[in-house]
Amino acid sequence: MVKRINIFVLSIAFCVVLIPFSSSANEWGTITIPAGKPIKIGLGAMLTGDYASLGIDIKYGTEMAVQKKGSILGHTVVLQAEDDGCAGPSSVAIAEKLCNDPLVVGLVGYMCSGGSKPASDIHNKYKVVMISPSSTALELTARGIPIFFRTCWNDKIQARRAASFVYSRKWTRIAVLHDKSDYGQSLGEDFAEHIRAKGGKILAIEGITRGDKDFTPVLTKIKPLKPQLIYFGGMAAEGSLVVRQMKRVGLRKTHFMSDDGCYTEKDFIQAGGKAANGCYVTYAKQPDPAWVKKFEAKYGPKQTFSPQAYDAANILMMAVEKVAEKRPNGSLVIGKKALRDAVADTKHNGITGEIAFDTYGDRTGSVVVIYKVVEEDGKRFFKQMIF
Amino acid sequence: MSYLLNPEVIINQIINGLTIGGIYALMALGYTLVYGILFMINFAHGEIFMFGSFGGFAALTYFVNSGFADAHPGFSIIIAFLVAMIISSVLGALLERIAYRPLRNAPRLAPLISAIGASIFLQNVMMLIIKARMQVYPDIIPEKFIEIGGVSISYFQIFIILGSIFLMVGLYLFIQKTKTGKAMRAVAEDREAASLMGIDVNRIILTTFVIGSALAGAAGVMVGIYYTQINHMMGFIPGIKAFTAAVLGGIGNVAGAMLGGFFLGLAEAFGVLFMPAEYKDVIAFGLLVLVLIFRPRGILGEVVSERT
């Protein structure tokens, strides 16, 4: 009996000594990549459907970074791209799948704020780092999730910037449309708040449904209010229809302004036709032109977030390279907490400019620029406004 | 709310409602024709509409690339309509032959499930063809507008309203005045008796599918020209709305489907004035629920005796 108690006490003592030792180094656990196995970088974006050009663009940007890197410490790096449909439920399913894949070290994504928000809870459960190139909703970084980072801006900056531009143009009668998503609605409401704070008048805030094609009823409703500007929080598929149908219901002198979701040549300028001319959108500064040239030679015209995705993938891979330890048997061991800290400490001069993260995971010093769709010499493109 | 009763707004909303209503009505006819004869809901009808739209898109894109569209814009649109109607008819006929005819004497649920399966199958076929990207109809004819005071009417809207009415009148005359139309009515009345009178029931059913599908194909091109964006899922919501329209008007009743389509379009356009715009779909499906509760046979529907 005495002997058994002794063993029991001993084992408890042993555990007490061991627990703090193990937790100090890897309290979140580790990822082990066995010898000869690849390192997987996850990706969650809409690859089929109405906003697929945005998602495929993100995939190309990530793929380019991964292919350029090739391998880390003798392990090839591969991209595992998943189609998250820009929506919560499928993003959560993909998050569960990728976080439980022992070879996945981290993820670029998710594309839409509505997907990133629920998926970040799953990633937080498994402590797998995610870097979104395109989810701009403010609350994503305000929820105290340590593993979420983004290489884009947040909508507080975007809405404020858009509102000050509108104010500088002396447009004070404003109508706001949004697509009821986490992204579009919060952006539209933020914008409205900034306009009100500046003394402008918000005539209406109306929601539309993603995937709907007929917005003439709501535009007809807005028309007698005589707005000087319609601000749209949402994506290009609906945005390009709104500009076309504004002309149709007779809102021909009203200006149109939207967000980064509409900064795509294919789905906004081309899909909007002539009606897109003169519209304003907000987006980042132009990325490194040398990179754009290389990208476009390989994949064709850049759409929106491929530069941010390229930087996100690079940051993730650099952090892996920094913290991975090679074992004698050829396997790699990566501490999840160490990886997260390495990403948080990033100081990287990327193609979208200097990148560092604040304590919330937001990028410091991001700049949002106003663009206008113009037609010059038969070519229609986004022209940067001096503002 | 006073601005909502502004006559300009009301006239504009009538035009908006009639435009989308015309499209709903054309599609609703396909549901109603098939239901009238077979007592089944062809849930793949939205996909027939979608294939028609893509057929028109392929034709128009070809004409734009070959330069033909610049010289003869009107003629290319007519051909696009014909191509779409032919593709849709062929697809409708194939569906009838492959997915529905073998189940004609099966319990009622079997063809319904077969229709849902066909619908999912066709969506995925198109998704693989177009790589799941949204496609944009080329702007062949620049959109022009009539403006009277604050009322703005697009020529496209007039074209869709008149075009859909023209097709509906054509269908009505076909059913009422031709021999085939008479046979269709006879089959709808009593299939066995019609076949005893020497009517080839299989041929009439096939004809019904062909006609309903051709109308859906025409609606597909109208949607493409008017809304410009098409994708492989585009048939789903309009399909359900058109089904709602058919039920509203009284399913199985041809005039009812037309009325139901326009009624639903107007209800959506005017509903937005009194409610936030995000409730547009709620209005349509709320109406469906109300009709099913209070007048299950629809506005113009007659009580049909249940057949087994």
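Residues numbered from 1 in each chain as written. Chains lettered and ligands numbered in written order. Predicted model: local features only at pLDDT ≥ 70, side-chain atom pairs only at ≥ 80, totals over all residues. Heavy atoms only, no water.

**Here's the deal with the overall build of chain B**
Logical step 1: Counting secondary structure elements, chain B contains 12 helices and 4 strands.
Logical step 2: What you see for chain B is a C-alpha radius of gyration of 20 Å, in line with the 19 Å of a compact globule of 308 residues.
Logical step 3: Buried positions account for 54% of the 308 residues belonging to chain B.
Logical step 4: Sequence-distant contacts in chain B: of pairs separated by 6 or more residues, those separated by 24 or more amount to 78%.
Logical step 5: Total accessible area on chain B stands at roughly 13600 Å², and carbon and sulfur atoms take up 71% of it.
Logical step 6: Of the charged side chains in chain B, 18 are positive and 16 negative; the average position of the first set lies 10 Å away from that of the second. (Helix = DSSP H or I, 4+ residues; strand = E, 2+ residues; numbered from the N terminus. Rg over C-alpha atoms; globule rule 2.2 N^0.38 Å. Buried < 20%, exposed > 50% of the residue type's maximum accessible area, 1.4 Å probe, protein only. Contact = heavy atoms within 4.5 Å. Areas by Shrake-Rupley, 256 points an atom, 1.4 Å probe, with all protein chains shown as cover. Lys, Arg positive; Asp, Glu negative; His and termini not counted. Charge placed at Lys NZ, Arg CZ, Asp CG, Glu CD.)

**Examining the interface of chain B and chain A**
Logical step 1: Taken together, the contact pairs 36 residues of chain B with 36 residues of chain A.
Logical step 2: At the boundary of chain B with chain A, the tally comes to 4 salt bridges.
Logical step 3: A:R244 serves as the salt-bridge partner of B:D139, at 3.1 Å between the closest nitrogen and oxygen.
Logical step 4: Applying the counting rule to chain B against chain A returns 20 residue pairs in polar contact (both at pLDDT 80 or more).
Logical step 5: For the side of chain B that touches chain A, the secondary structure elements donating two or more residues are α1 (7–38), β2 (145–148), β3 (151–154), α6 (155–177), α9 (201–227), α11 (254–274) and α12 (280–294) of chain B.
Logical step 6: The leading source of residues in the side of chain B that touches chain A is α1(B), at 5 residues.
Logical step 7: When its residues are assigned to classes, the side of chain B that touches chain A shows 18 nonpolar, 11 polar and 7 charged. (Salt bridge = Lys/Arg side-chain N within 4 Å of Asp/Glu carboxyl O. Polar contact = N/O pair within 3.5 Å; in protein donor to acceptor, adjacent residues only side chain to side chain. Nonpolar A, V, L, I, M, F, W, Y, C, P; charged D, E, K, R; others polar.)

**Some points on the state of the cysteines**
Residues and elements named next belong to chain A.
Logical step 1: One pass over the full model with this rule turns up 1 disulfide over all chains.
Logical step 2: For C86, the disulfide goes to C112, at an S-S distance of 1.9 Å. Measuring handedness by torsion sign, the sulfur bridge of C86 and C112 sits at about -100° and is left-handed. Remark: C112 occurs in the loop between β5 (104–109) and α4 (113–126) and C86 occurs in the loop between β4 (75–83) and α3 (88–99); sequence separation between them is 26 residues. The exposure classification of C86 matches that of C112, with both residues buried.
Logical step 3: Just so you know, C152 is unpaired, no disulfide at all, and the nearest cysteine sulfur is the one on C112, 11 Å from it.
Logical step 4: With no disulfide partner, C262 has as its closest neighbouring cysteine sulfur the one in C279, 8.6 Å distant. (Disulfide = S-S within 2.5 Å.)

**Brief notes about helix α9 (residues 265–272) of chain A**
All names here are of chain A.
Logical step 1: Buried within α9 are the following residues: D267, F268, I269, A271 and G272.
Logical step 2: The N-cap residue of α9 is T264: its side-chain oxygen and the backbone nitrogen of K266 are 3.5 Å apart.
Logical step 3: The first or second residue beyond α9 is G273, which carries a positive phi of 60°.

**A short note on the domain arrangement of chain A**
Residues and elements named next belong to chain A.
Logical step 1: Annotation of chain A at the domain level lists domain 1 (30–152 + 305–355) and domain 2 (156–285 + 368–384).
Logical step 2: For domain 1 versus domain 2, the separation of C-alpha centres amounts to 31 Å.
Logical step 3: Taken together, the contact between domain 1 and domain 2 spans 16 residues of the former and 18 residues of the latter.
Logical step 4: Between domain 1 and domain 2, the buried area comes to about 1300 Å², and carbon and sulfur atoms account for 54% of it.
Logical step 5: Of all residues in domain 1, the largest losses of buried area upon contact with domain 2 belong to D50, Y51 and L54, amounting jointly to 36% of the total for that side.
Logical step 6: The interface formed by domain 1 and domain 2 includes 1 salt bridge.
Logical step 7: Where domain 1 packs against domain 2, one counts 2 residue pairs in polar contact (both at pLDDT 80 or more).
Logical step 8: Those elements giving two or more residues to the side of domain 1 that touches domain 2 turn out to be α2 (52–69), α4 and α11 (306–323).
Logical step 9: In terms of residue count, the dominant contributor to the side of domain 1 that touches domain 2 is α4 (3 residues).
Logical step 10: When the residues that make up the side of domain 1 that touches domain 2 are grouped by side-chain class, the tally is 8 nonpolar, 5 polar and 3 charged. (Domains from an automatic or database assignment. Buried area = accessible area lost by both parts, 1.4 Å probe.)

**Some remarks on the pattern of salt bridges**
Residue and element names in this part refer to chain A.
Logical step 1: Using the criterion set out here, one finds 23 salt bridges over all chains in the structure.
Logical step 2: Of the charged contacts, one joins D341 and K337 as a salt bridge, the two residues approaching to 3.4 Å between their closest N and O atoms. Here K337 and D341 lie together in helix α12 (residues 336–344), a separation of 4 residues that amounts to about one turn.
Logical step 3: By relative accessible area, D341 is classed as partly exposed at 28%.

**With respect to the pairing of strand β6 (residues 129–132) of chain A**
Residues in a regular strand point their side chains to alternate faces of the sheet.
All names here are of chain A.
Logical step 1: In β6, alternate side chains face the same way, and those of V129 and I131 on one face and M130 and S132 on the other are all buried.
Logical step 2: Here β5 runs beside β6; their pairing, made up of 3 bridges, is parallel. Across the sheet, L107 pairs through a bridge with M130, a residue of β6.
Logical step 3: Running through α4, the crossover from β5 to the neighbouring parallel element β6 is right-handed.
Logical step 4: Where β6 and strand β7 (residues 148–150) come together, 3 bridges link them in parallel fashion. (Pairing = 2+ DSSP bridges. Right-handed = clockwise from strand over helix to strand, strands pointing away.)

**Looking at the sheet that holds strand β12 (residues 280–284) of chain A**
Residue and element names in this part refer to chain A.
Logical step 1: With mixed pairing, the 7 strands of this open sheet are ordered in space as β9-β8-β10-β11-β12-β17-β18. Where the open sheet ends on each side, the last strands, each with one partner, are β9 (201–207) and β18 (379–384). Adjacent strand axes in the sheet meet at a mean angle of 25° when their direction is disregarded.
Logical step 2: Alignment of strand β8 (residues 173–178) against β9, held across 6 bridges, turns out to be parallel. Each residue of the ladder has a partner; that of R173, found in β9, is K201.
Logical step 3: Along the sheet face, helix α5 (residues 155–168) touches β8, β10 (229–233), β11 (255–258), β12 and β17 (368–376) and points at about 55° away from the line of β17. (Axes fitted to C-alpha atoms, helices over the stretch in contact; angles between N-to-C directions.)

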